[in-house]
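# Fold and contact review
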Amino acid sequence: DAGVTQSPTHLIKTRGQQVTLRCSPKSGHDTVSWYQQALGQGPQFIFQYYEEEERQRGNFPDRFSGHQFPNYSSELNVNALLLGDSALYLCASSSSGGRNTEAFFGQGTRLTVV
Amino acid sequence: QKEVEQDPGPLSVPEGAIVSLNCTYSNSAFQYFMWYRQYSRKGPELLMYTYSSGNKEDGRFTAQVDKSSKYISLFIRDSQPSDSATYLCAMNTNAGKSTFGDGTTLTVKP
């Protein structure tokens with residue numbers, strides 16, 4: 001079992017650019033949640049996808065958008081990057097539409113905006 | 001004020017010590033309480049989760065939840081150098097979104 005896989009592992013972008021991060025959930029999981037973790041802080045919930053729809057959203061601007069595919073994999077898109085978007089972006093997968101609290105995290109994508 | 005507050009640490013203990021990690025919260029709707037361990041440059045790893053109040057034990061780890069005080073704890077017995085990591089508490093209302101504390105960094109010295 002490969003667990004949750006994220007790509008790429010590291011990324012450097014310039015202010016104003018757009019970025020796409022990818023996540024493949026753990027086998028058997030149908031729900032994907034995205035979190036942003038700034039240095040020295042806990043993960044902050046961005047949004048959750050289930051059945052290819054955004055079910056919940058945290059306090060993040062519309063520059064952050066996502067998608068879930070029929071195979072349950074997911075993408076996180078961030079437009080018009082700001083320096084403050086530099087963080088570790090974590091994907092977590094779970095089952096049962098997120099009602100299962102046993103969420104498994106990937107290793108994250110470290111995004112640096114310069 | 002944050003919904004979840006966690007003792008910031010850092011915490012440094014000798015090998016074999018009992019470690020106590022704590023979080024307080026303000027949202028009485030939280031029902032599920034989780035503890036994650038995060039090694040440097042890695043994703044969080046779920047250690048334990050507890051539903052509502054009570055204790056749960058798993059090997060050297062014990063999680064306690066006191067909903068009346070809005071206070072949760074994680075105890076680590078016989079701590080090992082391999083336990084050195086950042087420990088995150090997290091909570092949710094069974095609606096999918098988890099709210100995390102900012103973590104406590106633990107160092108266990110041989």
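Structural data are supplied above this passage.
To start, this report covers the structure provided alongside it. Treat the numbers as computed from the prediction; the structure is a model and nothing was measured.

### Some points on the sheet that holds strand S1 (residues 5-7) of chain A
Residue and element names in this part refer to chain A.
- Here 4 strands make up an open sheet; going across it, the order is S1-S3-S8-S7 and the pairing antiparallel. The open sheet terminates on both sides in strands that have one partner only, identified here as S1 and strand S7 (64-68). Sheet twist, expressed as the average angle between the axes of neighbouring strands with direction ignored, equals 20°.
- Relative to strand S8 (residues 74-78), S7 runs antiparallel, the two sharing 5 bridges. Its bridge partner lying in S8, Gln68 is registered against Ser74.

### Observations concerning the interface of chain A and chain B
- Across the boundary between the two partners, chain A contributes 20 residues, which contact 20 residues of chain B.
- At the junction of chain A and chain B, the tally comes to 0 salt bridges.
- Linking chain A with chain B are 5 residue pairs in polar contact (both at pLDDT 80 or more), by the criterion used here.
- Across the side of chain A that touches chain B, the residue classes break down as 7 nonpolar, 10 polar and 3 charged.

### Points about the nonpolar core
- By size, the foremost hydrophobic cluster in this structure holds 24 residues, and its most contacted members are B:Trp35, B:Ile72, B:Leu74, B:Tyr87 and B:Met91.
- If you list the elements that add at least two residues to this core, you get strand S3 (19-25), strand S4 (32-38), strand S5 (45-51), strand S7 (61-66), strand S8 (71-76), strand S9 (85-92) and strand S11 (104-109) of chain B.
- Setting aside residues no more than four positions away along its own chain, B:Tyr87 makes contact with B:Gln6, B:Leu21, B:Tyr36, B:Arg37, B:Leu47, B:Phe61, B:Leu74, B:Ile76, B:Gly103, B:Thr104 and B:Leu106.
- Counting residues in hydrophobic clusters, the runner-up holds 20 residues, among them A:Phe64, A:Val78, A:Tyr89 and A:Val113.

Cut-offs applied
Residues numbered from 1 in each chain as written. Chains lettered and ligands numbered in written order. Predicted model: local features only at pLDDT ≥ 70, side-chain atom pairs only at ≥ 80, totals over all residues. Heavy atoms only, no water. Pairing = 2+ DSSP bridges. Helix = DSSP H or I, 4+ residues; strand = E, 2+ residues; numbered from the N terminus. Axes fitted to C-alpha atoms, helices over the stretch in contact; angles between N-to-C directions. Contact = heavy atoms within 4.5 Å. Salt bridge = Lys/Arg side-chain N within 4 Å of Asp/Glu carboxyl O. Polar contact = N/O pair within 3.5 Å; in protein donor to acceptor, adjacent residues only side chain to side chain. Nonpolar A, V, L, I, M, F, W, Y, C, P; charged D, E, K, R; others polar. Core = buried A, V, L, I, M, F, W, Y, C linked by side-chain atoms within 4.5 Å. Buried < 20%, exposed > 50% of the residue type's maximum accessible area, 1.4 Å probe, protein only.

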